[in-house]
Amino acid sequence: MALLEGTALVWLGLLGSLLCYQFILRTPTIRRNGVPLRKPPNTLPVAGNGILFLRPRQELFSWFVKCQRLFGHETFQITVPTLPPGVVINDPKNLEFVFKNEDIFSKGDFFKRLSWDLFGNGIINVDGELWKAQRKAGLAFLNTSNLRVLTDVALPRYLGHAVNYLHKQERVENVVDLQNVFHEITSQLMGKMAYDMEMHAGDDFAVAFDYASGATTERFQNPLWFVTELLTGSKFRKALHTIRNFGHRIVDSAVNADSKDGGTGSHSESVPDRLDEVSGSLIQSLLEVFNNDRTIVSDAVLNYLSAGRDTVAQALTWCTYLLMQHQRVVEEVRNEAQASLGNIQGSIVGLYDNKERVNSAVFIPTSLPYTMATFYETLRLYPPIPFEIKQCEKATTLPDGTFLPKKSIVFWCTWAMNRSRISWGDDADSFRPERWLSEDGKVITKSAAEYPVFNGGPRLCLGKRMAETLAAQVIATMVLTFDFTPAYEGERVSKSSLTLPMEGGLPCFVKSRTLNLEQQHHK
(Lines give C-alpha, C1' and ligand atoms only; values in the text may rest on other atoms or scores of the structure.)
Protein backbone atom coordinates (compact mmCIF):
# COMPACT_ATOMS: atom_id res chain seq x y z
CA MET A 1 0.00 0.00 0.00
CA ALA A 2 2.84 2.38 0.88
CA LEU A 3 4.40 1.70 -2.52
CA LEU A 4 1.13 2.49 -4.28
CA GLU A 5 0.77 5.69 -2.29
CA GLY A 6 4.30 6.70 -3.16
CA THR A 7 3.77 5.99 -6.87
CA ALA A 8 0.53 7.95 -6.85
CA LEU A 9 2.25 10.91 -5.20
CA VAL A 10 5.00 10.87 -7.81
CA TRP A 11 2.40 10.84 -10.61
CA LEU A 12 0.45 13.67 -9.02
CA GLY A 13 3.61 15.68 -8.53
CA LEU A 14 4.71 15.20 -12.13
CA LEU A 15 1.25 16.05 -13.44
CA GLY A 16 0.99 19.14 -11.24
CA SER A 17 4.40 20.40 -12.30
CA LEU A 18 3.62 19.72 -15.94
CA LEU A 19 0.29 21.52 -15.84
CA CYS A 20 1.78 24.47 -13.96
CA TYR A 21 4.56 24.79 -16.53
CA GLN A 22 2.27 24.31 -19.48
CA PHE A 23 -0.59 26.62 -18.58
CA ILE A 24 0.98 29.25 -16.34
CA LEU A 25 4.38 29.69 -17.94
CA ARG A 26 3.96 28.58 -21.57
CA THR A 27 0.49 28.82 -23.07
CA PRO A 28 -0.21 32.16 -24.69
CA THR A 29 -3.61 33.14 -26.01
CA ILE A 30 -3.69 32.94 -29.80
CA ARG A 31 -5.60 35.74 -31.50
CA ARG A 32 -7.29 36.46 -34.79
CA ASN A 33 -7.27 40.12 -35.78
CA GLY A 34 -6.49 40.94 -32.15
CA VAL A 35 -9.39 38.92 -30.72
CA PRO A 36 -8.66 35.72 -28.72
CA LEU A 37 -9.66 32.55 -30.53
CA ARG A 38 -12.61 30.61 -29.23
CA LYS A 39 -11.98 27.30 -27.50
CA PRO A 40 -13.99 24.08 -27.80
CA PRO A 41 -16.83 23.31 -25.39
CA ASN A 42 -15.84 21.58 -22.15
CA THR A 43 -12.32 23.04 -22.18
CA LEU A 44 -11.20 22.75 -18.57
CA PRO A 45 -9.51 25.61 -16.66
CA VAL A 46 -6.26 23.72 -16.00
CA ALA A 47 -6.25 20.50 -18.04
CA GLY A 48 -7.59 22.24 -21.14
CA ASN A 49 -8.49 19.57 -23.70
CA GLY A 50 -5.92 17.12 -22.36
CA ILE A 51 -8.35 14.66 -20.76
CA LEU A 52 -10.28 14.42 -24.03
CA PHE A 53 -7.14 13.28 -25.85
CA LEU A 54 -6.90 10.27 -23.53
CA ARG A 55 -10.17 8.87 -24.87
CA PRO A 56 -10.37 6.08 -27.48
CA ARG A 57 -9.70 7.40 -30.97
CA GLN A 58 -13.26 6.80 -32.19
CA GLU A 59 -14.52 9.19 -29.51
CA LEU A 60 -11.79 11.62 -30.52
CA PHE A 61 -12.93 11.44 -34.15
CA SER A 62 -16.50 12.20 -33.08
CA TRP A 63 -15.32 15.14 -30.98
CA PHE A 64 -13.46 16.69 -33.92
CA VAL A 65 -16.49 16.24 -36.17
CA LYS A 66 -18.66 17.91 -33.52
CA CYS A 67 -16.20 20.83 -33.31
CA GLN A 68 -16.11 21.12 -37.09
CA ARG A 69 -19.91 21.33 -37.19
CA LEU A 70 -19.87 23.92 -34.39
CA PHE A 71 -17.06 26.16 -35.67
CA GLY A 72 -17.40 25.61 -39.42
CA HIS A 73 -14.32 27.08 -41.09
CA GLU A 74 -13.41 29.11 -38.01
CA THR A 75 -9.97 28.42 -36.52
CA PHE A 76 -10.09 27.55 -32.81
CA GLN A 77 -7.47 27.05 -30.11
CA ILE A 78 -6.75 23.82 -28.25
CA THR A 79 -4.67 23.36 -25.11
CA VAL A 80 -3.14 20.01 -24.22
CA PRO A 81 -0.38 19.26 -21.68
CA THR A 82 3.00 18.62 -23.39
CA LEU A 83 1.60 20.17 -26.60
CA PRO A 84 2.88 23.64 -27.57
CA PRO A 85 0.17 26.28 -28.05
CA GLY A 86 -1.94 25.16 -30.97
CA VAL A 87 -4.87 25.71 -33.25
CA VAL A 88 -7.19 23.49 -35.26
CA ILE A 89 -7.86 24.62 -38.83
CA ASN A 90 -10.86 23.56 -40.94
CA ASP A 91 -10.85 26.20 -43.67
CA PRO A 92 -9.36 24.93 -46.97
CA LYS A 93 -7.88 28.40 -47.54
CA ASN A 94 -5.83 28.08 -44.36
CA LEU A 95 -4.78 24.55 -45.22
CA GLU A 96 -3.71 25.65 -48.71
CA PHE A 97 -1.55 28.33 -47.05
CA VAL A 98 0.08 25.65 -44.87
CA PHE A 99 0.72 23.40 -47.88
CA LYS A 100 2.30 26.20 -49.90
CA ASN A 101 4.63 27.42 -47.16
CA GLU A 102 6.84 24.47 -46.34
CA ASP A 103 9.55 26.85 -45.06
CA ILE A 104 7.18 28.07 -42.32
CA PHE A 105 5.29 24.90 -41.45
CA SER A 106 7.57 21.91 -40.80
CA LYS A 107 7.27 18.57 -39.06
CA GLY A 108 8.79 20.40 -36.13
CA ASP A 109 10.56 19.38 -32.94
CA PHE A 110 7.35 18.29 -31.24
CA PHE A 111 6.38 15.68 -33.86
CA LYS A 112 9.94 14.46 -34.38
CA ARG A 113 10.55 13.97 -30.68
CA LEU A 114 7.51 11.77 -30.23
CA SER A 115 7.90 9.76 -33.44
CA TRP A 116 11.70 9.55 -33.61
CA ASP A 117 11.99 6.03 -32.19
CA LEU A 118 9.77 4.68 -34.96
CA PHE A 119 10.61 6.83 -37.99
CA GLY A 120 14.12 8.12 -37.24
CA ASN A 121 15.55 10.04 -40.20
CA GLY A 122 12.94 8.69 -42.62
CA ILE A 123 10.96 10.85 -45.03
CA ILE A 124 7.88 10.89 -42.78
CA ASN A 125 9.88 12.51 -39.99
CA VAL A 126 12.30 14.98 -41.60
CA ASP A 127 12.43 18.34 -43.37
CA GLY A 128 14.91 20.20 -45.57
CA GLU A 129 17.67 18.55 -47.57
CA LEU A 130 17.26 15.12 -45.98
CA TRP A 131 13.60 15.10 -46.99
CA LYS A 132 14.42 16.30 -50.53
CA ALA A 133 17.02 13.56 -51.01
CA GLN A 134 14.59 10.82 -49.97
CA ARG A 135 11.84 12.23 -52.14
CA LYS A 136 14.26 12.23 -55.08
CA ALA A 137 14.88 8.51 -54.54
CA GLY A 138 11.14 7.90 -54.30
CA LEU A 139 10.49 9.72 -57.56
CA ALA A 140 13.14 7.60 -59.27
CA PHE A 141 11.44 4.45 -58.01
CA LEU A 142 7.97 5.53 -59.13
CA ASN A 143 9.01 6.45 -62.66
CA THR A 144 6.81 5.69 -65.67
CA SER A 145 8.68 2.52 -66.61
CA ASN A 146 8.41 1.03 -63.12
CA LEU A 147 4.73 1.92 -62.85
CA ARG A 148 4.13 0.11 -66.14
CA VAL A 149 5.76 -3.04 -64.73
CA LEU A 150 3.61 -2.67 -61.62
CA THR A 151 0.46 -2.35 -63.74
CA ASP A 152 1.22 -5.09 -66.28
CA VAL A 153 3.23 -7.65 -64.30
CA ALA A 154 3.65 -7.26 -60.54
CA LEU A 155 0.15 -6.38 -59.43
CA PRO A 156 -1.65 -8.90 -61.68
CA ARG A 157 0.72 -11.59 -60.37
CA TYR A 158 0.22 -10.93 -56.66
CA LEU A 159 -3.46 -10.16 -57.06
CA GLY A 160 -3.77 -13.48 -58.88
CA HIS A 161 -2.19 -15.20 -55.88
CA ALA A 162 -4.80 -13.55 -53.64
CA VAL A 163 -7.66 -14.67 -55.91
CA ASN A 164 -6.37 -18.26 -55.86
CA TYR A 165 -6.09 -18.13 -52.06
CA LEU A 166 -9.69 -16.93 -51.75
CA HIS A 167 -10.93 -19.73 -54.00
CA LYS A 168 -9.14 -22.25 -51.76
CA GLN A 169 -10.65 -20.75 -48.61
CA GLU A 170 -14.09 -20.88 -50.17
CA ARG A 171 -13.76 -24.61 -50.87
CA VAL A 172 -13.10 -25.36 -47.20
CA GLU A 173 -15.66 -22.76 -46.05
CA ASN A 174 -13.16 -20.76 -44.04
CA VAL A 175 -13.77 -17.24 -42.81
CA VAL A 176 -11.24 -14.92 -44.47
CA ASP A 177 -9.75 -11.72 -43.06
CA LEU A 178 -9.74 -9.46 -46.12
CA GLN A 179 -7.58 -6.87 -44.40
CA ASN A 180 -4.85 -9.52 -44.17
CA VAL A 181 -5.43 -10.48 -47.82
CA PHE A 182 -4.95 -6.88 -48.98
CA HIS A 183 -1.87 -6.49 -46.77
CA GLU A 184 -0.42 -9.62 -48.34
CA ILE A 185 -0.79 -8.10 -51.82
CA THR A 186 0.88 -4.81 -50.87
CA SER A 187 3.60 -6.53 -48.79
CA GLN A 188 4.60 -8.77 -51.69
CA LEU A 189 4.43 -5.87 -54.12
CA MET A 190 6.57 -3.49 -52.08
CA GLY A 191 8.93 -6.23 -50.98
CA LYS A 192 9.76 -7.31 -54.53
CA MET A 193 9.62 -4.04 -56.46
CA ALA A 194 11.17 -1.74 -53.87
CA TYR A 195 13.61 -4.03 -52.06
CA ASP A 196 13.92 -7.28 -54.07
CA MET A 197 12.90 -9.26 -50.99
CA GLU A 198 10.09 -11.66 -50.24
CA MET A 199 7.73 -10.07 -47.71
CA HIS A 200 4.41 -11.18 -46.26
CA ALA A 201 1.64 -9.66 -44.17
CA GLY A 202 2.36 -11.92 -41.19
CA ASP A 203 6.12 -11.26 -40.98
CA ASP A 204 7.55 -10.39 -37.58
CA PHE A 205 8.29 -6.89 -38.87
CA ALA A 206 4.66 -6.29 -39.85
CA VAL A 207 3.38 -7.36 -36.44
CA ALA A 208 6.02 -5.27 -34.65
CA PHE A 209 5.38 -2.17 -36.78
CA ASP A 210 1.65 -2.44 -36.21
CA TYR A 211 2.18 -2.43 -32.45
CA ALA A 212 4.81 0.32 -32.52
CA SER A 213 2.55 2.57 -34.59
CA GLY A 214 -0.16 2.29 -31.96
CA ALA A 215 2.31 2.94 -29.14
CA THR A 216 3.67 6.00 -30.94
CA THR A 217 0.14 7.33 -31.42
CA GLU A 218 -0.45 7.06 -27.69
CA ARG A 219 2.50 9.37 -27.11
CA PHE A 220 0.54 12.14 -28.83
CA GLN A 221 -2.45 11.49 -26.59
CA ASN A 222 -0.80 10.79 -23.24
CA PRO A 223 0.99 13.82 -21.69
CA LEU A 224 2.96 11.53 -19.39
CA TRP A 225 3.98 8.97 -22.02
CA PHE A 226 7.63 9.18 -21.00
CA VAL A 227 6.69 8.01 -17.51
CA THR A 228 4.22 5.39 -18.73
CA GLU A 229 6.80 3.82 -21.05
CA LEU A 230 9.27 3.42 -18.20
CA LEU A 231 6.71 1.19 -16.51
CA THR A 232 4.96 -0.54 -19.42
CA GLY A 233 7.12 0.08 -22.49
CA SER A 234 9.04 -3.22 -22.74
CA LYS A 235 6.83 -4.55 -25.56
CA PHE A 236 7.26 -1.28 -27.45
CA ARG A 237 11.04 -1.46 -27.09
CA LYS A 238 11.07 -5.07 -28.33
CA ALA A 239 8.94 -4.07 -31.32
CA LEU A 240 11.34 -1.23 -32.17
CA HIS A 241 14.26 -3.65 -31.98
CA THR A 242 12.52 -6.01 -34.43
CA ILE A 243 11.78 -3.11 -36.79
CA ARG A 244 15.35 -1.82 -36.72
CA ASN A 245 16.78 -5.28 -37.38
CA PHE A 246 14.45 -5.71 -40.34
CA GLY A 247 15.55 -2.38 -41.81
CA HIS A 248 19.21 -3.38 -41.51
CA ARG A 249 18.43 -6.74 -43.14
CA ILE A 250 16.92 -5.00 -46.17
CA VAL A 251 19.97 -2.75 -46.54
CA ASP A 252 22.47 -5.58 -46.02
CA SER A 253 20.64 -7.78 -48.52
CA ALA A 254 20.80 -5.05 -51.17
CA VAL A 255 24.47 -4.28 -50.53
CA ASN A 256 25.45 -7.95 -50.61
CA ALA A 257 23.46 -8.61 -53.78
CA ASP A 258 25.04 -5.59 -55.44
CA SER A 259 28.51 -6.84 -54.50
CA LYS A 260 27.86 -10.33 -55.89
CA ASP A 261 26.71 -9.12 -59.31
CA GLY A 262 29.41 -6.47 -59.55
CA GLY A 263 27.04 -3.56 -59.08
CA THR A 264 25.16 -4.25 -62.32
CA GLY A 265 21.90 -5.22 -60.65
CA SER A 266 21.63 -8.19 -63.03
CA HIS A 267 19.64 -11.35 -62.32
CA SER A 268 20.88 -14.83 -63.00
CA GLU A 269 17.59 -16.35 -64.13
CA SER A 270 17.67 -17.65 -67.69
CA VAL A 271 14.08 -16.66 -68.47
CA PRO A 272 13.71 -12.85 -68.63
CA ASP A 273 11.18 -11.38 -66.20
CA ARG A 274 10.22 -7.72 -66.41
CA LEU A 275 9.61 -7.64 -62.67
CA ASP A 276 13.14 -8.86 -61.93
CA GLU A 277 14.51 -6.09 -64.11
CA VAL A 278 13.11 -3.39 -61.77
CA SER A 279 13.05 -5.24 -58.44
CA GLY A 280 14.99 -3.52 -55.67
CA SER A 281 15.03 -0.21 -57.52
CA LEU A 282 14.01 1.87 -54.49
CA ILE A 283 16.71 0.50 -52.18
CA GLN A 284 19.31 0.97 -54.92
CA SER A 285 18.22 4.60 -55.41
CA LEU A 286 18.46 5.23 -51.66
CA LEU A 287 21.92 3.66 -51.43
CA GLU A 288 23.07 5.81 -54.33
CA VAL A 289 21.58 9.05 -52.95
CA PHE A 290 23.02 8.52 -49.44
CA ASN A 291 26.34 7.01 -50.50
CA ASN A 292 25.67 3.72 -48.69
CA ASP A 293 24.94 5.39 -45.31
CA ARG A 294 23.23 2.34 -43.84
CA THR A 295 21.60 4.11 -40.89
CA ILE A 296 19.79 6.74 -42.95
CA VAL A 297 18.99 4.26 -45.71
CA SER A 298 17.50 1.85 -43.16
CA ASP A 299 15.25 4.60 -41.75
CA ALA A 300 14.20 5.64 -45.25
CA VAL A 301 13.46 2.03 -46.22
CA LEU A 302 11.16 1.50 -43.25
CA ASN A 303 9.29 4.77 -43.85
CA TYR A 304 8.62 3.97 -47.50
CA LEU A 305 7.60 0.43 -46.62
CA SER A 306 5.02 1.69 -44.14
CA ALA A 307 3.65 4.27 -46.58
CA GLY A 308 3.45 1.86 -49.51
CA ARG A 309 2.25 -1.22 -47.67
CA ASP A 310 -0.16 -0.09 -44.97
CA THR A 311 -2.21 2.83 -46.24
CA VAL A 312 -3.40 1.27 -49.51
CA ALA A 313 -4.25 -2.06 -47.90
CA GLN A 314 -6.24 -0.27 -45.21
CA ALA A 315 -8.09 1.81 -47.79
CA LEU A 316 -9.05 -1.32 -49.73
CA THR A 317 -10.28 -2.88 -46.47
CA TRP A 318 -12.56 0.07 -45.68
CA CYS A 319 -13.75 0.12 -49.29
CA THR A 320 -14.82 -3.53 -49.11
CA TYR A 321 -16.47 -2.86 -45.75
CA LEU A 322 -18.56 -0.08 -47.33
CA LEU A 323 -19.36 -2.12 -50.43
CA MET A 324 -20.81 -4.91 -48.31
CA GLN A 325 -23.25 -2.36 -46.89
CA HIS A 326 -24.21 -0.88 -50.28
CA GLN A 327 -25.21 -3.54 -52.80
CA ARG A 328 -26.34 -0.89 -55.28
CA VAL A 329 -22.77 0.45 -55.46
CA VAL A 330 -21.43 -3.10 -55.86
CA GLU A 331 -23.66 -3.60 -58.91
CA GLU A 332 -22.51 -0.31 -60.45
CA VAL A 333 -18.83 -1.22 -59.97
CA ARG A 334 -19.46 -4.73 -61.29
CA ASN A 335 -21.27 -3.51 -64.40
CA GLU A 336 -18.49 -1.03 -65.15
CA ALA A 337 -15.80 -3.70 -64.75
CA GLN A 338 -17.77 -6.17 -66.88
CA ALA A 339 -18.11 -3.58 -69.63
CA SER A 340 -14.38 -2.88 -69.45
CA LEU A 341 -13.63 -6.58 -69.93
CA GLY A 342 -15.79 -6.67 -73.02
CA ASN A 343 -13.84 -3.88 -74.68
CA ILE A 344 -10.41 -5.50 -74.41
CA GLN A 345 -9.08 -8.73 -75.92
CA GLY A 346 -7.16 -10.99 -73.59
CA SER A 347 -9.15 -9.88 -70.56
CA ILE A 348 -9.53 -13.53 -69.45
CA VAL A 349 -6.16 -15.23 -68.87
CA GLY A 350 -7.25 -18.79 -68.17
CA LEU A 351 -8.87 -21.01 -65.60
CA TYR A 352 -8.22 -21.77 -61.95
CA ASP A 353 -10.13 -24.70 -60.48
CA ASN A 354 -12.51 -24.54 -63.49
CA LYS A 355 -13.16 -20.83 -62.86
CA GLU A 356 -12.28 -18.07 -65.30
CA ARG A 357 -9.57 -15.72 -64.07
CA VAL A 358 -9.61 -12.04 -64.94
CA ASN A 359 -6.51 -10.35 -66.35
CA SER A 360 -6.52 -7.44 -63.89
CA ALA A 361 -4.08 -5.42 -66.03
CA VAL A 362 -7.02 -4.41 -68.21
CA PHE A 363 -8.47 -2.37 -65.33
CA ILE A 364 -6.98 1.12 -65.37
CA PRO A 365 -8.24 4.14 -63.41
CA THR A 366 -9.15 6.22 -66.47
CA SER A 367 -11.49 3.51 -67.81
CA LEU A 368 -13.27 2.95 -64.47
CA PRO A 369 -14.66 6.31 -63.32
CA TYR A 370 -17.35 4.85 -61.04
CA THR A 371 -14.87 2.47 -59.42
CA MET A 372 -12.45 5.34 -58.78
CA ALA A 373 -15.31 7.47 -57.42
CA THR A 374 -16.02 4.63 -55.00
CA PHE A 375 -12.36 4.57 -53.94
CA TYR A 376 -12.20 8.36 -53.44
CA GLU A 377 -15.43 8.30 -51.46
CA THR A 378 -13.96 5.59 -49.24
CA LEU A 379 -10.86 7.71 -48.63
CA ARG A 380 -13.09 10.68 -47.81
CA LEU A 381 -14.88 8.80 -45.05
CA TYR A 382 -11.89 6.72 -43.94
CA PRO A 383 -8.72 8.75 -44.66
CA PRO A 384 -5.52 6.71 -44.17
CA ILE A 385 -3.94 9.54 -42.13
CA PRO A 386 -6.81 10.89 -39.99
CA PHE A 387 -4.77 13.58 -38.18
CA GLU A 388 -1.96 15.87 -39.30
CA ILE A 389 0.34 18.16 -37.31
CA LYS A 390 2.70 20.94 -38.40
CA GLN A 391 4.81 23.32 -36.33
CA CYS A 392 5.61 26.96 -37.12
CA GLU A 393 9.31 27.60 -37.64
CA LYS A 394 8.63 31.32 -37.41
CA ALA A 395 5.71 33.55 -36.51
CA THR A 396 3.14 33.93 -39.26
CA THR A 397 -0.47 34.92 -39.96
CA LEU A 398 -3.02 32.61 -41.58
CA PRO A 399 -5.28 33.96 -44.37
CA ASP A 400 -8.16 34.28 -41.88
CA GLY A 401 -6.09 36.67 -39.72
CA THR A 402 -5.02 34.17 -37.04
CA PHE A 403 -1.56 35.09 -35.72
CA LEU A 404 0.60 32.06 -34.95
CA PRO A 405 3.64 32.54 -32.70
CA LYS A 406 6.88 30.70 -33.41
CA LYS A 407 6.78 26.99 -32.42
CA SER A 408 2.98 26.94 -32.23
CA ILE A 409 1.18 23.87 -33.56
CA VAL A 410 -1.21 23.74 -36.52
CA PHE A 411 -3.48 20.75 -36.38
CA TRP A 412 -6.09 19.49 -38.83
CA CYS A 413 -8.29 16.44 -38.66
CA THR A 414 -8.83 15.04 -42.15
CA TRP A 415 -11.50 12.74 -40.74
CA ALA A 416 -13.55 15.77 -39.63
CA MET A 417 -12.79 18.01 -42.63
CA ASN A 418 -14.00 15.27 -44.97
CA ARG A 419 -17.33 15.27 -43.12
CA SER A 420 -17.87 19.02 -43.37
CA ARG A 421 -21.40 19.81 -44.54
CA ILE A 422 -20.10 23.14 -45.81
CA SER A 423 -17.77 21.38 -48.24
CA TRP A 424 -19.64 18.11 -48.92
CA GLY A 425 -23.32 18.92 -48.44
CA ASP A 426 -25.96 17.82 -45.97
CA ASP A 427 -25.28 14.14 -46.75
CA ALA A 428 -21.58 14.45 -45.83
CA ASP A 429 -21.87 11.47 -43.48
CA SER A 430 -23.25 9.24 -46.24
CA PHE A 431 -21.35 6.96 -48.60
CA ARG A 432 -22.29 8.25 -52.05
CA PRO A 433 -19.72 7.74 -54.85
CA GLU A 434 -21.88 9.75 -57.27
CA ARG A 435 -20.73 12.99 -55.58
CA TRP A 436 -17.40 12.44 -57.41
CA LEU A 437 -18.94 12.24 -60.89
CA SER A 438 -19.94 15.04 -63.23
CA GLU A 439 -23.11 14.92 -65.31
CA ASP A 440 -21.18 13.29 -68.17
CA GLY A 441 -19.77 10.60 -65.88
CA LYS A 442 -16.24 11.92 -65.46
CA VAL A 443 -14.42 12.03 -62.12
CA ILE A 444 -14.49 15.45 -60.45
CA THR A 445 -11.12 16.76 -59.33
CA LYS A 446 -10.74 18.31 -55.88
CA SER A 447 -7.82 20.45 -54.72
CA ALA A 448 -5.50 19.09 -52.04
CA ALA A 449 -6.82 21.65 -49.55
CA GLU A 450 -10.43 20.61 -50.18
CA TYR A 451 -9.59 16.91 -50.02
CA PRO A 452 -6.32 16.49 -48.07
CA VAL A 453 -6.24 12.68 -48.20
CA PHE A 454 -3.04 12.70 -50.29
CA ASN A 455 -1.48 15.61 -48.38
CA GLY A 456 -0.53 18.62 -50.51
CA GLY A 457 2.07 21.13 -51.66
CA PRO A 458 5.64 19.79 -51.96
CA ARG A 459 4.64 16.83 -49.79
CA LEU A 460 1.87 15.64 -52.11
CA CYS A 461 1.81 11.85 -51.82
CA LEU A 462 4.39 10.25 -54.10
CA GLY A 463 2.40 7.04 -54.30
CA LYS A 464 -0.90 8.55 -55.43
CA ARG A 465 -0.77 7.00 -58.91
CA MET A 466 0.36 3.69 -57.48
CA ALA A 467 -2.55 3.71 -55.00
CA GLU A 468 -5.03 4.49 -57.78
CA THR A 469 -3.66 1.67 -59.93
CA LEU A 470 -4.01 -0.79 -57.05
CA ALA A 471 -7.53 0.42 -56.34
CA ALA A 472 -8.68 0.01 -59.94
CA GLN A 473 -7.30 -3.51 -60.33
CA VAL A 474 -8.11 -4.87 -56.88
CA ILE A 475 -11.62 -3.47 -56.49
CA ALA A 476 -12.73 -4.41 -60.03
CA THR A 477 -11.21 -7.90 -59.84
CA MET A 478 -12.62 -8.70 -56.40
CA VAL A 479 -16.11 -7.43 -57.20
CA LEU A 480 -16.26 -9.38 -60.47
CA THR A 481 -14.84 -12.58 -59.03
CA PHE A 482 -16.44 -12.83 -55.57
CA ASP A 483 -19.37 -12.00 -53.37
CA PHE A 484 -18.34 -11.12 -49.82
CA THR A 485 -20.64 -11.24 -46.81
CA PRO A 486 -19.77 -10.15 -43.25
CA ALA A 487 -18.64 -12.71 -40.69
CA TYR A 488 -18.98 -10.14 -37.93
CA GLU A 489 -21.70 -8.13 -36.22
CA GLY A 490 -21.95 -4.41 -35.61
CA GLU A 491 -19.80 -1.54 -36.79
CA ARG A 492 -16.09 -1.86 -37.58
CA VAL A 493 -13.78 0.80 -36.12
CA SER A 494 -10.09 1.60 -36.38
CA LYS A 495 -7.57 0.73 -33.73
CA SER A 496 -4.92 3.04 -32.27
CA SER A 497 -2.35 3.77 -34.96
CA LEU A 498 -0.75 6.57 -36.93
CA THR A 499 -2.78 5.30 -39.90
CA LEU A 500 -6.26 3.70 -40.04
CA PRO A 501 -6.12 -0.09 -39.63
CA MET A 502 -9.40 -1.84 -38.90
CA GLU A 503 -9.69 -3.24 -35.37
CA GLY A 504 -9.96 -7.00 -35.61
CA GLY A 505 -9.56 -7.07 -39.39
CA LEU A 506 -12.43 -7.68 -41.83
CA PRO A 507 -13.64 -11.29 -41.43
CA CYS A 508 -15.83 -12.37 -44.35
CA PHE A 509 -17.44 -15.33 -46.04
CA VAL A 510 -16.38 -15.77 -49.66
CA LYS A 511 -18.46 -17.00 -52.58
CA SER A 512 -17.16 -17.24 -56.15
CA ARG A 513 -19.08 -15.72 -58.99
CA THR A 514 -19.33 -16.89 -62.60
CA LEU A 515 -18.18 -14.26 -65.06
CA ASN A 516 -20.73 -13.24 -67.68
CA LEU A 517 -18.67 -14.29 -70.67
CA GLU A 518 -21.68 -14.21 -72.98
CA GLN A 519 -22.03 -10.51 -72.29
CA GLN A 520 -18.32 -10.08 -72.93
CA HIS A 521 -18.33 -11.97 -76.23
CA HIS A 522 -21.21 -9.90 -77.59
CA LYS A 523 -19.56 -6.55 -76.85
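Residues numbered from 1 in each chain as written. Predicted model: local features only at pLDDT ≥ 70, side-chain atom pairs only at ≥ 80, totals over all residues. Heavy atoms only, no water.

Observations concerning the sheet that holds strand S14 (residues 507-512)
Spatial strand order, S6-S14-S13: three strands in an open sheet with antiparallel pairing. Edge positions in the sheet fall to strand S6 (176-177) and strand S13 (482-486), since each has one partner strand and no second. In the sheet, S13 pairs with S14 via five bridges, with the strands oriented antiparallel. Residue pairing in the sheet places Asp 483 in a bridge with Lys 511 of S14. (Pairing = 2+ DSSP bridges. Helix = DSSP H or I, 4+ residues; strand = E, 2+ residues; numbered from the N terminus.)

Comments concerning helix H8 (residues 204-221)
An ideal rise of 1.5 Å per residue puts 26 Å on 18 residues; H8 measures up with 26 Å between its terminal C-alpha atoms. Taken across its 18 residues, H8 has 13 buried, putting it largely inside the fold. (Expected span 1.5 Å × (residues − 1). Buried < 20%, exposed > 50% of the residue type's maximum accessible area, 1.4 Å probe, protein only.)

Remarks on the pairing of strand S9 (residues 387-392)
Taken across its six residues, S9 has five buried, putting it largely inside the fold. Pairing analysis gives two bridges linking strand S5 (residues 105-106) to S9, with the strands arranged antiparallel. By the bridge assignment, Ser 106 is partnered in S9 with Gln 391. Sheet topology note: the S9/strand S12 (residues 409-413) ladder contains five bridges and is antiparallel. By the bridge assignment, Ile 389 is partnered in S12 with Phe 411.

Describing the packing of aromatic side chains
Applying the stated criterion across every chain yields a total of 29 aromatic pairs. Both rings, one in Phe 53 and one in Trp 63, keep their centres 6.5 Å apart while their planes meet at 65 degrees; by these two values the pair is edge-to-face. In this pair, Phe 53 sits in the loop between strand S2 (35-36) and helix H2 (57-71) while Trp 63 sits in helix H2, placing the two residues ten residues apart along the sequence. Residue Phe 53 is classed as buried on the basis of its relative accessible area, which comes to 5%. The exposure class of Trp 63 is buried, given its relative accessible area of 10%. Between Trp 424 and Trp 436 the ring centres are 5.5 Å apart and the planes differ by 45 degrees, which places this aromatic pair in the tilted class. Taken together, the residues span a long stretch of sequence, with Trp 424 in helix H17 (residues 421-424) and Trp 436 in the loop between H17 and helix H18 (464-481) at a distance of twelve residues. Residue class for Trp 424 comes out buried when judged on its relative accessible area of 8%. (Phe/Tyr/Trp six-rings, centres within 6.5 Å; stacked < 30°, edge-to-face > 60°.)

A few points about the sheet that holds strand S3 (residues 76-78)
Within the open sheet, the five strands sit side by side as S3-S4-S12-S9-S5. Their pairing is mixed. Looking at the sheet topology across the chains shown, the edges are occupied by S3 and S5. Docked against the sheet, helix H4 (residues 108-119) engages S5, S9 and S12, running at close to 130 degrees with respect to S9. (Contact = heavy atoms within 4.5 Å. Axes fitted to C-alpha atoms, helices over the stretch in contact; angles between N-to-C directions.)

What about unusual backbone geometry?
Residues other than glycine seldom take positive phi values, yet Asp 196 does so here, at roughly 55 degrees. With respect to the helices and strands, Asp 196 occurs in the loop between helix H7 (178-195) and H8. Its identity is not glycine, yet Asn 292 carries a phi of approximately 60 degrees, on the positive side. Residue placement: Asn 292 occurs in the loop between helix H12 (281-289) and helix H13 (294-323).

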